[in-house]
Amino acid sequence: ADFKIFLMIAEKLIEKYFLLLLLIIPLLILFVLRFVFHYDGLFGQDAYEYERYADDLMNYYSTGNKPAEMYWPVNYSYAGSLFKNIFPQPGFSLQLISSVSLSFVCHYSARLISFLCNADKKIIFPYVITFIIFSPYVFRNSFSAMPDLMAAALVNPTTTGTDRKS
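Residues numbered from 1 in each chain as written. Predicted model: local features only at pLDDT ≥ 70, side-chain atom pairs only at ≥ 80, totals over all residues. Heavy atoms only, no water.

With that out of the way, let us pick up unusual backbone geometry. The phi dihedral of His38 is positive, around 55°, even though this residue is not glycine. Mapping His38 onto the fold places it in the loop between α2 (18-35) and α3 (45-63). With a relative accessible area of 64%, His38 lands in the exposed category. Phi is positive for Asn118, close to 50°, though the residue is something other than glycine. In this fold, Asn118 is placed in the loop between α5 (92-117) and α6 (121-133). (Helix = DSSP H or I, 4+ residues; strand = E, 2+ residues; numbered from the N terminus. Buried < 20%, exposed > 50% of the residue type's maximum accessible area, 1.4 Å probe, protein only.)

Laid out in structure tokens, this is it:
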């Protein structure tokens, strides 16, 4: 009986706060990984290079000294440098961008599923949580300092076709 009450409450929360939950869950996971498990998101040499270039851009903003060359795409580091004044901890601004990007990917994926399958939010929500947020590749890149999810977040709304009014 208690489990049925729990399910009814969960269904009402999903129905009422669907979008908010999809936006908050990745951020909650980020804060647990960051502050409970002390994961800084800097995993592999690419992440350190993005962090270094974000630091170089911060130095460029304050001193005018030209940043060193970057051989990888620079927009992710540029976005990270904009948040470095607010979140100066190493890797956190880049992790935050990746987590917020995951929120956008979840939102647009839910819209796509709804558009294609005409499914109810009660069905879409667990599907998005299970197969998008907890997909190993997506999960790893969402909480590391890597630009993959930012690219997916920028491409996803353009490919879903769900933004157009019929």
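There's more to say after this.
Here we take up the side chain of Asn141. In this structure, Asn141 sits in helix α7 (residues 136-142). If sequence neighbours within four positions are ignored, Asn141 has contacts with Ser98, Met146, Asp148 and Leu149. (Contact = heavy atoms within 4.5 Å.)

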